[in-house]
Amino acid sequence: MKRPGDFRIVNHSVPRADGVAKVTGRAMYTSDIELDGMTWAKVLRSPFAHARIVSIDTAAARQSPGVLDVITGTDLASLRPYYGHAVKDHPILAIDKVRFIGEPVAAVVAEDDLSAEEALQLIEVEYEELPSVMEVDASLAPEAPLIHDEAYTEGAFRGFKDGRQASGNVCQYVKVKWGDAAAAFASAAHVVENEFHFPMAYAYAMEAYVAIADYSKKGLTVYSSAQHPFMVRHDLADIFDLPLNAVRMIIPYVGGGYGSKSYTKIEPIAAVCSWRTGRPVKLRLSIDEAFLTTRGDDARVRIRTACDAEGKFLARQATIHLNTGAYAENSPLVCAKAANRIIGPYLIPNVDIDCYAVYTNTVPASSYRGFGSTQVTFPAESQNEELADLIGVDPFEFRMRNLAQRGEVIYPGLRPIDADVPGDLRQIESKFEEWGAVQEGRGRAVGCSASDAGSHPVTSAMIHVYSDGSVSVLSGATEIGQGSHTVLAQIAAEEMGVPMSKVRVVGGDTAITPFERSTGASRTTTLMGRAVLEACREAIAQLMSFAAEALGVAQSALIEECGGVRHGDTQWSWGEVIEKHFKHKDTSIIGRAYLRQTGDLKLMPPFWEIGVVGTEISVDQETGKIRLERLMTVGDVGLAINPAAAEGQDLGAATMGIGVGLFEELIYDGQQLTNGSLLEYRVPRFSDLAPDIHMTLAQNQDGSGPYGAKGGGEGSLNPIPACLANALYRATGARVRRLPLTPERVWRALQERPKV
Amino acid sequence: MTVEFQLNGEPVSVAIEPRHTLAEVLTRKLRLTGTKVSCEAEVCGACTVLVDGLPVSSCTYLAYEARGKNVVTIEGLEDKNGNLHPLQQSFIDEFAFQCGFCTSGMILSAKALLDENPNPTDAEIIDHLDGNICRCTGYLPILKAVRTAATAMENYS
Ligand code: FES
Ligand code: FES
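Conventions and cut-offs
Residues numbered from 1 in each chain as written. Chains lettered and ligands numbered in written order. Predicted model: local features only at pLDDT ≥ 70, side-chain atom pairs only at ≥ 80, totals over all residues. Heavy atoms only, no water. Helix = DSSP H or I, 4+ residues; strand = E, 2+ residues; numbered from the N terminus. Rg over C-alpha atoms; globule rule 2.2 N^0.38 Å. Buried < 20%, exposed > 50% of the residue type's maximum accessible area, 1.4 Å probe, protein only. Contact = heavy atoms within 4.5 Å. Areas by Shrake-Rupley, 256 points an atom, 1.4 Å probe, with all protein chains shown as cover. Buried area = accessible area lost by both parts, 1.4 Å probe. Salt bridge = Lys/Arg side-chain N within 4 Å of Asp/Glu carboxyl O. Core = buried A, V, L, I, M, F, W, Y, C linked by side-chain atoms within 4.5 Å. Disulfide = S-S within 2.5 Å. Polar contact = N/O pair within 3.5 Å; in protein donor to acceptor, adjacent residues only side chain to side chain. Domains from an automatic or database assignment. Nonpolar A, V, L, I, M, F, W, Y, C, P; charged D, E, K, R; others polar. Pairing = 2+ DSSP bridges. Axes fitted to C-alpha atoms, helices over the stretch in contact; angles between N-to-C directions. Left-handed = near helix turned anticlockwise from the far one by under 90°. Expected span 1.5 Å × (residues − 1).

A. Spotlight on the overall build of chain A. Across its full length, chain A holds 18 helices and 32 strands. Here the C-alpha atoms of chain A give a radius of gyration of 27 Å, agreeing with the 27 Å that 2.2 N^0.38 yields for 756 residues. Taking the principal axes of the C-alpha coordinates as reference, chain A spans close to 85 × 75 × 45 Å. Scored against the burial criterion, the 756 residues of chain A give a buried share of 66%.

This is the structure we're talking about:
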C-alpha cells in the first residue's frame, strides 16, 4: 500500500473543487432554482399537539386569487399516502388526526408564493382536541393516549420490529446484552449510578428544507436538498407506484445537512402538489418551519457502571429513553446506535442496555450528526471520569486501563477496533503537558467515543475515461459541504495518473449515477472512495488488455506507469490507448465497482469512528458562564485524503458539540415549542471560537476505505459535551448531569456543590 | 413602483412592490442568486449585501430603501477581468467554507471590515463577523481567510 509521502494528489490539501462556485455566488442550491412554469406551495400546519381532524373546508382558499389547488390528506386516497424507511407511519399530509404542533395539514399551490401564503388563512379546519403526551414518562404511562393507533408497518430498509409490544407508544425497543451484569455489579469494588439528560437539539442547516417537484406522464423529477436521494426515490416510487427509473432525484448544492436532511422530508408534499396540478411546484420552508420538521432525539439515560479496585471495568447497565416525537423517521436506528455506542472504545465484560425510542406529540426526531453517540457518550464519559476519581487515578490512566487495543473486540459479533485509540489519547495527554499547569478557575478534560459507523455497505461507482485523458467520476454520494466531490476527484486523479483539473465528479442525479445507499454515518470517503478507487482499477485492467491487443504483445510484457502504459520505448497515455482501441476520436471507456457486504466488508460496521478530544474551559463563578479556551481534536481517519478538509470536518463537528454542550436546546412549554426560531435558539457564533485550537490527524492507514482511510466528521462531536461537563467538574467540583451547561444551570450547580 | 439603484457598479431599474425585501428583488426579480437567505430575522448574516459600503441584512432591508444607493452583492466582487477578490481567493485557500451557504454574506461582511480597517486584529475580525453564522466550519478557517486577505490586499495596494 502507498504510504503518506508516496502520493501525488491524495493526502494533499488540494483546493476544493467547488471553491470558485461557492465564493462567487455561482453555486446554485435548490433554493435558487426556478423552473419554467413553476408554481409555489405553502403548508398549513397544525395548531394542536394531538387532535382529530373533524373537517377541512378549502372552498374559500380555492377561490383566492392565483390559487391552483388546495390539497389535504383525504385527496391522497388513490396513492400510498404513508411513508417512512424504518416505519411507514408518516402521512404526507395529516390523515384523520394531527400528532404535533406544526404538522402539515394542507398544502396550497398558487402561481406565486404570496398568493399561496395568503390562501392558507382561508382554510378552515375543525379539530377535536385529544389528550397529548409531551414527554417520555407521560407517553409510557399505562393510561397514556395512543399516538399511533393503526397497525405498525415496517419500512423497506430496516426490518424493525414493532416496539409497541412493550408499550403502546414505544416506537422501537433495542436490547444489547452480554455477560452477566447483575452478578458483576454485586461483587464490584466501585459502582456509580446516575441519571443524565441530553437536550432536544436542532441541526440548523442554513438552507432550510426545499424541494421542487415536476410530475408528468413521463414520471417524477424532484430537485431537493436531500442527503440520501436514493432513499427518497424509494419513498416517492412507493407513494405513486412508479418504477425506479421514472423517479429522478436531482440534488444541486446543499446548504448544510449534518444528518438533518437524511431520508425523506418535504419531497412527498411537493410531489403530490405537482401530481395534482400538473405543474412544477416549489416548496421552500422557512427556517421557522424547518424547526418544526425534524430535530435530534433528546435522551434520558439511567446508567450504572462498575469497576474493580484497579479501575478495570466490570459492567455497565443502562436504560435509555429517547424522545422520538410524533413520527419514527430515523429514530429506530438512532435507538439501535445509542444502545451500541454507550460502550465507547472500551472493553466492558458485562453489558446490559435497554433503549427505547418513545413517541410523543412533539416535532419528529431523526438523524443528527453523532447519531445516538452524543446522547450516550455524555453519561458514559461522565461516569468514567467519576470512577477514575473514586479509584484515585488520573483520567488518562483510567481510560488507558480500559481502552481496546487495535484488533480487540468491544462488541461481540462486530468488527474489531480498527484504530489505535490509546495512541490517540496519548496525543491529547502530551498536548495537556505542553499546556502546563491548569490556571485557577479553569478545568481540563479528555473525552473518547467509538461509533459503529458507515452504515450498510452498498455502494457503486462508475468512471468514464476519455480519449483526451480526462476522467469523469459518477457518484451517487451527495456533496453537502463535507468536500466529498473533492476527495473523490483526488482518488480518481491519483489512480488514473492525471491532474485534478482533468477530473470531474458528476453527482446529484439518480438518473445518471449508479446507486449509493446514503450520505451519512461518515461513510462517503470510506465506501464511495473505495468504490471510486476500485472503478479506476477496473478501468485500468481493461486499458492494459486493450494496450496489449493494440501492440500485439502479452499483457505481462507491459508496464503500468503513472497515467498510462509502457512497452519498451513505446509509451502511451490512457487516452492514447482508448483512441487506438476504438480507432476513433472522442471515445471513452467505463470502469465500474460495486461494494456489497462481503469480503472484508462482511463484518459490520464498515469502520469504527473514533472520537478523541481535549478541552479546557474557564468558568465565571459569578455568572456560571463557561467559555471554551482550548480545544484539541484527534481525527483518527486512517489516511486523510484531503487533510485540510478532514480537519475542517473535525472543527465543524466539535463546534456543534460545543453548541449542544453549552447552549443549544429546544424547549417545550406544555404543548408549545417556545424557541423554534433562530432569534431564540442560540447556535455557536464567531465569538465562541476558542482562542487556542489544535487539530491533529492520526493516519495509521487502518481503515477499510481507500489507502486505509476511514470516515470522519462526527467523531469530534460525540465526546465534546461530556468533555465540557468533565472540565466543569475539574474546574469547580460541580457535577452537572443535564445539558446544555447554561450559565443558569452551572450557577445553580455552583451554589449547590458540597462545601469543602 | 420602480426603484433605481446602482448594482455592482451598473445602474438598474426594477419594478417592485413596497413590501419586497432587497433579497427578494435581487434573487427573484434580478436572479442574482448568490445572496442567500436563511433565518429571515437579521440573526444569521447569510443575506448580507453592501449598501453604500455598509453591510445590511437584505432579508429585512426593503428594496425601496435602496433607491439611489450603491448596492454590492457577491456577484460584484470579481474584477473586470474575472479575477477573484482577495477575500474570495483566501476563502478558497483557507478552506473557509464547506456547504457555502454562509459564504456570500461572510465575504461581504469581511469586505466591509477590510475596506474600513485594512489591518484588523483578530478581536476586531471576530467582533465584526459575530453577526454572521457559519454552521459548518467552526469559524477558525474564516478568521484565517480574513487575515490572509488583509495581508494580500495590503501587498496589492
Ligand atoms: S437571512 Fe437575513 S440575517 Fe439571516
Ligand atoms: S459553510 Fe456551511 S454554513 Fe458556513
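Still more ground to cover, so stick around.
B. Structural context of the overall build of chain B. Scanning chain B from N- to C-terminus turns up five helices and five strands. Along its sequence from the N terminus, chain B presents helices and strands in the succession β-β-α-β-β-β-α-α-α-α. Taking 2.2 N^0.38 as the reference for a compact globule, 157 residues should give roughly 15 Å; the C-alpha atoms of chain B span a radius of gyration of 15 Å, in line with that estimate. Along the three orthogonal principal directions, the C-alpha set of chain B runs to about 45 × 30 × 25 Å. The 157 residues of chain B split such that 55% are buried. Within chain B, contacts between residues at least 6 apart in sequence are counted, and of these 56% link residues at least 24 apart. Taken as a whole, chain B presents about 6400 Å² of accessible surface, with 48% of it coming from carbon and sulfur.

C. Representation of the interface of chain A and chain B within the structure. Contact residues are listed per partner, giving 57 residues for chain A and 48 residues for chain B. When the two sides are added together, the surface that chain A and chain B hide from each other amounts to roughly 4200 Å², 60% of it contributed by carbon and sulfur. Its largest share of buried area at the contact with chain B, chain A owes to V23(A), M206(A) and F686(A), together 22% of the area lost on that side. Linking chain A to chain B there are six salt bridges. Between E34(A) and R31(B) there is a salt bridge, with the nearest N and O atoms lying 3.6 Å from each other.

D. Here's a closer look at the nonpolar core. Judged by nonpolar contacts, the single largest core of 205 residues is most densely connected at Y204(A), I342(A), L741(A) and F91(B). The element that contributes the greatest number of residues to this core is helix α17 (residues 720–732) of chain A, accounting for eight residues. Residues in contact with I342(A), not counting those within four places in the same chain, are V301(A), I303(A), R316(A), A318(A), I320(A), I353(A), V376(A) and A380(A). Core analysis: the second largest hydrophobic core is formed by 48 residues, I9(A), L488(A), V505(A) and V565(A) among them.

E. Molecular detail of the state of the cysteines. All names here are of chain A. With the rule as written, the count across this model stands at zero disulfides over all chains. Summary of cysteine pairing: C355 is not part of a disulfide, and the nearest cysteine sulfur, belonging to C335, is at 3.6 Å. According to the relative accessible area criterion, C355 is buried, its value standing at 0%.

F. Inspection of the side chain of S262(A) at higher detail. All names here are of chain A. You can see S262 is positioned in the loop between β13 (247–250) and α7 (267–277). There is a polar contact of 2.7 Å between the side chain of S262 and the backbone oxygen of G259. Those residues in contact with S262 that lie beyond four places of it in its chain are Q227, H228 and S367.

G. Spotlight on the domain arrangement of chain B. Residue and element names in this part refer to chain B. Examined at the domain level, chain B breaks down into domain 1 (2–76) and domain 2 (86–155). Taken together, the contact pairs 16 residues of domain 1 with 12 residues of domain 2. Here domain 1 meets domain 2 over a buried area of about 1100 Å², counting both sides, of which 65% is carbon and sulfur. By the criterion of area lost to domain 2, the three top residues of domain 1 are K36, L50 and I74, representing 40% of everything that side buries. Remark: the boundary between domain 1 and domain 2 carries zero salt bridges. In terms of residues, the side of domain 1 that touches domain 2 owes the most to one element, strand β3 (residues 48–51), which gives three residues. Per-class residue counts for the side of domain 1 that touches domain 2 are nine nonpolar, six polar and one charged.

H. Focus on the pairing of β3(B). All names here are of chain B. Burial of the side chains of β3 extends over both faces: T48 and L50 are buried on one face and V49 and V51 on the other. Taken together, the four bridges between β3 and strand β4 (residues 54–57) define a ladder with antiparallel strand orientation. Residue pairing across strands places V51 opposite L54, the latter belonging to β4. Count of turn residues in the β3/β4 antiparallel hairpin: two residues, of which D52 carries a positive phi of about 50°. In terms of strand pairing, β3 meets strand β5 (residues 70–72) through two bridges, oriented antiparallel. Directly across from V51, in β5, lies its bridge partner V71.

I. Broad picture of the side chain of S475(A). All names here are of chain A. Secondary-structure assignment places S475 in strand β22 (residues 471–475). A polar side-chain atom of S475 sits 3.0 Å from the main-chain amide nitrogen of A477. Residue contacts for S475: discarding those within four places in its chain leaves L488, V506, G507, G508, T513 and M528.

J. Structural detail: the packing of helix α10 (residues 373–391) of chain A against α17(A). Residue and element names in this part refer to chain A. One way to put it is that α10 packs onto α17 with a least axis distance of 8 Å and a crossing angle of 30°. For the element pair α10 and α17, the recorded crossing hand is right-handed. Along the contact surface, α10 presents T374, T377, F378, E381, S382, E385 and D389, while α17 presents P721, A722, A725, N726, Y729 and R730. A class-by-class count of the residues in the contact of α10 with α17 yields five nonpolar, four polar and four charged.

K. Representation of the domain arrangement of chain A in the model. All names here are of chain A. For chain A, the domain assignment lists domain 1 (20–130 + 204–291), domain 2 (133–203 + 295–403), domain 3 (413–453 + 602–756) and domain 4 (459–596). Taken over C-alpha atoms, the centre of domain 1 sits 36 Å from the centre of domain 3. Across the boundary between the two partners, domain 1 contributes seven residues, which contact 11 residues of domain 3. Between domain 1 and domain 3, a total of about 810 Å² is buried, with carbon and sulfur atoms accounting for 69% of that surface. Of all residues in domain 1, the largest losses of buried area upon contact with domain 3 belong to I101, Y204 and F291, amounting jointly to 64% of the total for that side. Our count for the contact surface shared by domain 1 and domain 3 stands at zero salt bridges. Its residues assigned to classes, the side of domain 1 that touches domain 3 shows five nonpolar, no polar and two charged.

L. Molecular detail of α10(A). Residues and elements named next belong to chain A. A rise of 1.5 Å per residue sets the reference length of α10, with its 19 residues, at 27 Å; its end C-alpha atoms lie 26 Å apart and thus fit the reference within 8%. Most of α10 is tucked away, with 17 of its 19 residues classed as buried. Taken from the residues just after α10, G392 is the one with a positive phi, measuring 85°.

M. Local environment of the pairing of strand β2 (residues 51–57) of chain A. Residues and elements named next belong to chain A. Relative to strand β6 (residues 97–98), β2 is paired through two bridges, and the arrangement is antiparallel. In the strand pairing of β6, A51 is matched with V98. Where β2 lies against strand β8 (residues 124–129), six bridges are found, and the strand directions are antiparallel. Looking across to β8, one finds that S55 is bridged to E126.

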